[in-house]
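Chain residues, written in single-letter form:
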Amino acid sequence: MMMMMLFFMLSQTITANDANKSSEAKALVGWWPYANASHHCNWKGIECNKAGSVIGLSLLDNNLGGLHGSLDFYSFPSLVSLSIDYCGLEGSIPDQIGLLSNLTDLSTNKLNASIPKEIGNLQNLFSLNLGDNNFDGPIPSNFGNLILLDFLNLGKNSISGHIPLDIATLMNLTHVDLNHNSLVGPVHGNLSRLYYLDVSSNHLSSNLSFQYPCNLQHLDLSMNRMTGALTTILVCNNLQYLNLRSNNFVGEQLDTLKFTYLRFVNQSLNDNLTAIAPGPSSVQGIDIGLPSNTLSGQLTIKKHMPRNKLVHYLTIFLPIILGFCFLILLYAYYKKHNPTEKEIQPETKKHGNVCSILNYDGIIAYEDFITATEDFDLKYCIGTGGYGSVYEAKLLDGKTFALKKLHRFEAKQPAFDQSFKNEIQVLTNLRHKNIVKLYGFCLHNKCNFLVYEYMERGSLFCALSNSELAVEVDWMKRVNIIKDVAHALAYMHHDCIPPIVHRDISTNNILLNSEMEGFVADFGAARLIDPDSSNHTAIVGTLGYIAPELAYNMIVNEKCDVYSFGVVALETIGGKHPGDLLTSLNCRGISLEDILDKRLPYPTDKSIEKEIIRVCDVAASCILTNPKCRPTMRNVSQILSC
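Source: prediction; values computed, not measured.

Caption draft 1: Representation of the overall build of the protein chain in the model. For the protein chain, the helix and strand inventory stands at 14 helices and 30 strands. For the protein chain, with 642 residues in total, the buried portion stands at 46%. Counting only contacts in the protein chain whose residues sit at least 6 apart along the sequence, the fraction spanning at least 24 positions is 47%.

Okay, structure coming up:
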C-alpha cells in the first residue's frame with residue numbers, strides 16, 4: 001500500500017513537471033526566433049535546469065518589435081536570467097516582470113513608459129541593465145529593496161526626478177550609470193562608496209559632499225549644474241578617471257598630483273574655477289583635459305598673475321626674448337649656408353631639440369637607443385609593418401623597449417610621414433591600460449622612430465598562427481584578450497573628446513604582453529571624429545577587416561571599428577580569419593562547433609562555454625551589414641563584462 005502511494009505521488013509530480021514544460025514550450029513558440037521541432041531546452045539562447053525548466057532566456061540582435069507582449073512570465077516560474085539586447089523591443093515592460101527572481105539584462109531596445117515598480121520586488125537581483133531605451137518618469141523608490149544589486153545601468157533614457165537616497169545605501173552596489181537623462185537634485189554623499197559613477201549630461205545641482213571612505217575609481221559629473229568647491233573629492237584618492245567638465249564649480253581647481261592613480265581629468269568649462277598655484281613637480285602621464293591646444297614640453301599649472309604685474313614683466317623680458325630669438329635665427333641661417341664636415345655627422349648629444357624620448361628618470365635617451373640597436377642593425381628587427389620596422393632595444397639598465405622606425409624611403413613620402421606624425425598625436429593623448437604606451441619619439445631628417453612599451457608575446461596574429469603558441473592561448477585567455485580590446489575601443493569611442501576611430505583594427509595590431517593581456521597598437525591610420533564634419537575618408541585598414549559600407553560611402557565613424565572588432569573576436573575564437581563564416585553568421589546559419597579553433601579541446605566547463613557563446617553572439621552583432629544595427633563598443637564592453 002505504501003509503495004502504491006509513493007508511486008502515485010511520484011506520478012503526480014512527473015505529470016506536473018511535464019505540464020509545466022509544455023506550457024513553457026507553448027509560451028515560447030509564438031515569438032522565439034529559434035523555435036523548431038526539438039525540445040525547447042535545446043533551442044539556441046535557452047538554458048534549462050536539470051529538471052528541464054527554463055531558467056535563462058538570452059537573445060542578441062533579433063528584430064522582435066512589439067512581440068515581448070507575447071511573453072507570458074507566468075509560464076516561467078523558474079526563470080532567473082533574462083537578457084534581450086538589440087532586439088528592437090517596443091512598448092513597456094509588463095508588470096509580470098516582478099515574478100522573475102533574477103533579471104540580469106534588458107537593454108538597448110525601444111522600451112518606453114516608466115520603469116515598473118515591480119522590479120523593486122526582485123530581491124535576488126544582481127545586475128540590472130535598462131540602458132539605451134526610452135524610459136521616462138522617476139526611478140522607482142523601492143529600488144532600495146534590491147539588497148544584492150551590484151550593477152545598475154539606466155543611462156541614455158529620459159528618466160526624471162531625483163536619485164533615490166535608498167540607492168546610495170545599497171551595500172553591494174559598485175557600478176551606477178545614469179548618464180544622459182533628466183535627473184535633478186543632489187549627488188548623495190554615500191555614492192562615494194561605489195567604484196563607478198557616471199551621472200553626466202543631467203540637470204543635477206548643489207554641492208558635493210563625498211564621504212570617507214571613498215572607493216570611486218571612475219567619476220563623471222560632466223554636463224550638469226553642480227556648484228560649490230571641489231575639496232570633498234580629495235577623499236577619493238583611488239580615482240583613475242575624473243570628468244568635471246561644464247559645471248558651475250567654484251574655488252580652486254583640484255591638484256592632480258594628490259591623486260596617485262589618476263589617468264584622465266577634465267576640469268574645463270567651469271568659469272568660476274581658478275588654476276592652482278605652482279607646485280614642486282609638473283603633471284606628467286595624465287590627460288589634463290585642455291582641448292583644442294597644441295601644447296608641447298612640460299606643463300606646469302600656475303595661478304593667474306595680476307594684470308599690472310604681468311604687463312610689468314612683459315616690458316622687461318619681451319625685448320630680451322625677441323633679441324634672443326633673433327640671434328638663434330641668425331645662427332641657424334649662418335650654419336645652413338656654411339656647412340662643415342663635422343655637421344654632416346649626426347651629433348646625438350644635440351638631438352634634445354628634435355627628440356622627446358624620456359626614460360624612467362626623465363633624461364634624453366636618444367644615444368641609449370642607438371647604442372642598444374647598434375644603429376638599427378637588422379639582427380634587432382622583430383617585425384615589419386606598412387611603413388616601418390620594429391626593433392627590440394634592451395638598455396643597460398635591463399629595461400626593454402620597442403622602436404618603430406620609419407623606412408628611409410617612406411620617410412620622404414608625405415603620406416607616410418603624416419601617418420607617422422598622426423600616430424604621435426593620437427597616442428600622446430591616450431591613457432588606457434589596454435592601449436600600448438608611447439614613451440617618446442624622434443623626428444629627424446635622418447632618423448624617425450617611436451619608442452613603445454615592449455610586448456613580449458608579439459602580435460595576436462603571430463600567436464594564433466603558431467600551432468604551439470596557439471594551444472598556450474587557451475579559451476579563457478582568448479576571451480580575456482577580446483575583452484581587453486573591447487575596453488580599449490570603448491574608451492577611445494566614448495571617453496575621448498573628440499572620439500577616436502582606429503580604422504585598422506586587426507589581429508596584427510593587437511599585441512600581447514607576458515601575461516597574455518591584449519593591447520591595441522598601430523595608430524597610424526587613427527582619426528579624430530569631428531561631429532560637425534561629414535568625416536569622409538579614403539579607404540584605409542587591413543583587407544578582410546574593413547567595414548563593407550566604406551566601399552560605397554567613404555564615411556568613417558565608430559561603427560567601422562565595431563565591424564573590425566567583430567572580425568578580430570571571431571578570428572581569436574576560431575584561430576584563423578573567419579572568411580566565409582562572416583556571411584554565414586549574418587544569416588545565423590552556423591553552429592558553435594564550426595567556429596571554434598580545432599587545435600583546442602571543446603570547452604567542457606559550462607561557464608567557459610557560456611563566455612565563448614557570449615563572445616560569438618556579440619561578434620555576430622558587430623559584423624552586421626547595416627552599421628546602424630551594430631552595437632556601440634560601450635555596449636559591447638558592458639555585455640562582455642557581465
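Let's pick the thread back up.
Caption draft 2: Up close: helix H10 (residues 558–574). The terminal C-alpha atoms of H10, which comprises 17 residues, lie 25 Å apart, in line with the 24 Å expected from a rise of 1.5 Å per residue. Most of H10 is tucked away, with 16 of its 17 residues classed as buried. Among the residues trailing H10, Gly-575 stands out with phi positive, at a value near 85 degrees.

Caption draft 3: Representation of unusual backbone geometry. A cis geometry characterises the amide bond from Tyr-212 onward to Pro-213, with omega recorded as 5 degrees. Even without glycine at this site, Ser-201 takes up a positive phi of about 55 degrees. Within the element layout of this structure, Ser-201 appears in the loop between strand E13 (196–198) and strand E14 (203–207). The phi dihedral of Met-223 is positive, around 60 degrees, even though this residue is not glycine. Positionally, Met-223 belongs in the loop between strand E15 (218–220) and strand E16 (225–227).

Caption draft 4: Region of the structure containing the sheet that holds strand E7 (residues 127–129). Pairing within the open sheet is parallel, and its 7 strands lie in the order E7-E9-E11-E13-E15-E17-E19. If you trace the sheet from one side to the other, it starts and ends with E7 and strand E19 (264–266), each paired once. Looking at each pair of strands side by side, their axes are set apart by 10 degrees on average, direction ignored. Relative to strand E11 (residues 175–177), strand E9 (residues 151–153) runs parallel, the two being bridged by 3 bridges. Note on E11: the bridge partner recorded for Leu-152 is Val-176.

Caption draft 5: Structural detail: the nonpolar core. Core analysis: the biggest nonpolar cluster contains 69 residues, and Leu-430, Phe-565 and Ile-573 have the highest contact counts within it. Counting 67 residues, the second largest nonpolar core, distinct from the first, contains Leu-128, Leu-130, Ile-159 and Leu-183.

Caption draft 6: Spotlight on the pairing of strand E26 (residues 449–453). Most of E26 is tucked away: 4 of the 5 residues are buried. Strand direction decides the pairing type here: strand E24 (residues 400–406) and E26, joined by 5 bridges, are antiparallel. The residue bridging Phe-401 from the neighbouring strand is Glu-453, located in E26.

Caption draft 7: View of a nonpolar patch on the surface. Taken together, the side chains of Ile-316, Phe-317, Ile-320 and Ile-321 present a nonpolar region at the surface, about 380 Å² in accessible area. For Ile-321, the location among the structural elements is in helix H3 (residues 307–337). With a relative accessible area of 46%, Ile-321 lands in the partly exposed category.

Caption draft 8: Structural detail: the confidence of the model for the protein chain. Summing up the model confidence of the protein chain, the mean pLDDT is 77 and the portion of residues at 70 or higher is 73%. The least confident element of the protein chain is helix H4 (residues 341–344), whose mean pLDDT is 34; the most confident is strand E29 (residues 518–520), at 95. Of the regions scoring below 50 in pLDDT, residues 339–356 engages in 19 contacts with residues more than four places distant in sequence or in other chains. For residues 531–538, every residue scores under 50 in pLDDT, and the model assigns this stretch 19 contacts once sequence neighbours within four places are set aside.

Caption draft 9: Up close: the sheet that holds strand E8 (residues 136–137). Spatially, the 5 strands line up as an open sheet ordered E8-E10-E12-E14-E16, and their pairing is parallel. Since the sheet does not close on itself, it has two edges, and those belong to E8 and E16, each with one partner. Sheet analysis places strand E12 (residues 182–185) next to E14, joined by 2 bridges and oriented parallel. Residue pairing in the sheet places Val-184 in a bridge with His-203 of E14.

Caption draft 10: Structural context of helix H13 (residues 606–622). In this model H13 runs 24 Å from its N-terminal to its C-terminal C-alpha over 17 residues, within 8% of the 24 Å that 1.5 Å per residue would give. Regarding H13, the residues found buried are Glu-609, Glu-611, Ile-612, Val-615, Cys-616, Asp-617, Val-618, Ala-619, Ala-620, Ser-621 and Cys-622.

Caption draft 11: Inspection of the environment of Ile-424 at higher detail. Here Ile-424 is to be found in helix H6 (residues 414–428). Under the relative-accessibility criterion, Ile-424 is labelled buried at 7%.

Caption draft 12: Broad picture of the packing of aromatic side chains. Under the definition given, this model contains 5 aromatic pairs. Each ring, one from Phe-401 and one from Tyr-439, has its centre 5.1 Å from the other, and the planes form 90 degrees; the classification is edge-to-face. Separated by 38 residues along the polypeptide, Phe-401 in strand E24 and Tyr-439 in strand E25 (residues 438–442) bring together distant segments of the chain. On the basis of relative accessibility, which here comes to 7%, the residue Phe-401 falls in the buried class. Looking at Tyr-439, the relative accessible area reads 30%, which means it is partly exposed. Aromatic ring contacts, followed pair by pair, group Phe-369, Phe-401 and Tyr-439 into a single cluster. Here the basic side chain of Arg-478 rests over the ring of Trp-475, its NZ or CZ set 5.6 Å away from the ring centre.

Caption draft 13: Local environment of the side chain of Asn-181. Residue position: Asn-181 is located in the loop between E11 and E12. In terms of polar contacts, Asn-181 uses its side chain to reach the backbone amide nitrogen of Asn-157, at 3.3 Å. Beyond its immediate stretch of four places on either side in the chain, Asn-181 contacts Leu-154, Gly-155, Lys-156, Asn-157, Ser-158, Ile-159, Ser-201 and Asn-202.

Caption draft 14: The state of the cysteines, seen in detail. Scanning all chains against the criterion turns up 2 disulfides. The residue that forms a disulfide with Cys-41 is Cys-48, at a sulfur-sulfur distance of 2.0 Å. Looking down the S-S bond of the Cys-41 and Cys-48 bridge, the torsion is -95 degrees, so its handedness is left-handed. Assigned by exposure class, Cys-41 and Cys-48 land together as buried. Disulfide pairing is shown between Cys-214 and Cys-236; the S-S distance is 2.1 Å. Looking down the S-S bond of the Cys-214 and Cys-236 bridge, the torsion is 95 degrees, so its handedness is right-handed. Here Cys-236 lies in the loop between E16 and strand E17 (241–243) and Cys-214 lies in the loop between E14 and E15, a separation of 22 residues in the sequence.

Caption draft 15: Representation of the pattern of salt bridges. For the structure on display, the rule yields 13 salt bridges. For Arg-478, the salt bridge goes to Asp-597, with nearest N and O atoms at 3.0 Å. Taken together, the positions of Arg-478 in helix H9 (residues 475–494) and Asp-597 in the loop between helix H12 (592–595) and H13 put the pair 119 residues apart, joining distant regions of the chain. There is no split in this pair, since Arg-478 and Asp-597 are both buried. Salt bridges sharing partners connect three or more residues here, namely Arg-478, Asp-597 and Arg-599.

Caption draft 16: How the structure looks around the packing of H9 against H10. Running from amino to carboxyl end, H9 crosses H10 at an angle of 170 degrees, the nearest separation of the two axes being 10 Å. Classified by the angle their axes make, H9 and H10 are roughly antiparallel. Each of Trp-475, Arg-478, Ile-482, Val-485, Ala-486, Leu-489 and His-493 in H9 lies in contact with H10, whose residues at this interface are Glu-558, Asp-561, Phe-565, Ala-569, Thr-572 and Ile-573. Within the contact of H9 with H10, the residues separate by chemical class into 8 nonpolar, 2 polar and 3 charged.

Reading the values: the criteria
- Residues numbered from 1 in each chain as written.
- Predicted model: local features only at pLDDT ≥ 70, side-chain atom pairs only at ≥ 80, totals over all residues.
- Heavy atoms only, no water.
- Helix = DSSP H or I, 4+ residues; strand = E, 2+ residues; numbered from the N terminus.
- Buried < 20%, exposed > 50% of the residue type's maximum accessible area, 1.4 Å probe, protein only.
- Contact = heavy atoms within 4.5 Å.
- Expected span 1.5 Å × (residues − 1).
- Pairing = 2+ DSSP bridges.
- Axes fitted to C-alpha atoms, helices over the stretch in contact; angles between N-to-C directions.
- Core = buried A, V, L, I, M, F, W, Y, C linked by side-chain atoms within 4.5 Å.
- Patch = residues over 30% accessible without salt bridge, like charges linked within 9 Å, V, L, I, M, F, W, Y side chains within 5 Å.
- Areas by Shrake-Rupley, 256 points an atom, 1.4 Å probe, with all protein chains shown as cover.
- Salt bridge = Lys/Arg side-chain N within 4 Å of Asp/Glu carboxyl O.
- pLDDT = per-residue confidence, 0-100.
- Phe/Tyr/Trp six-rings, centres within 6.5 Å; stacked < 30°, edge-to-face > 60°.
- Lys NZ or Arg CZ within 6 Å of the ring centre and 35° of its normal.
- Polar contact = N/O pair within 3.5 Å; in protein donor to acceptor, adjacent residues only side chain to side chain.
- Disulfide = S-S within 2.5 Å.
- Parallel < 35°, antiparallel > 145°, perpendicular 65-115°, else oblique.
- Nonpolar A, V, L, I, M, F, W, Y, C, P; charged D, E, K, R; others polar.

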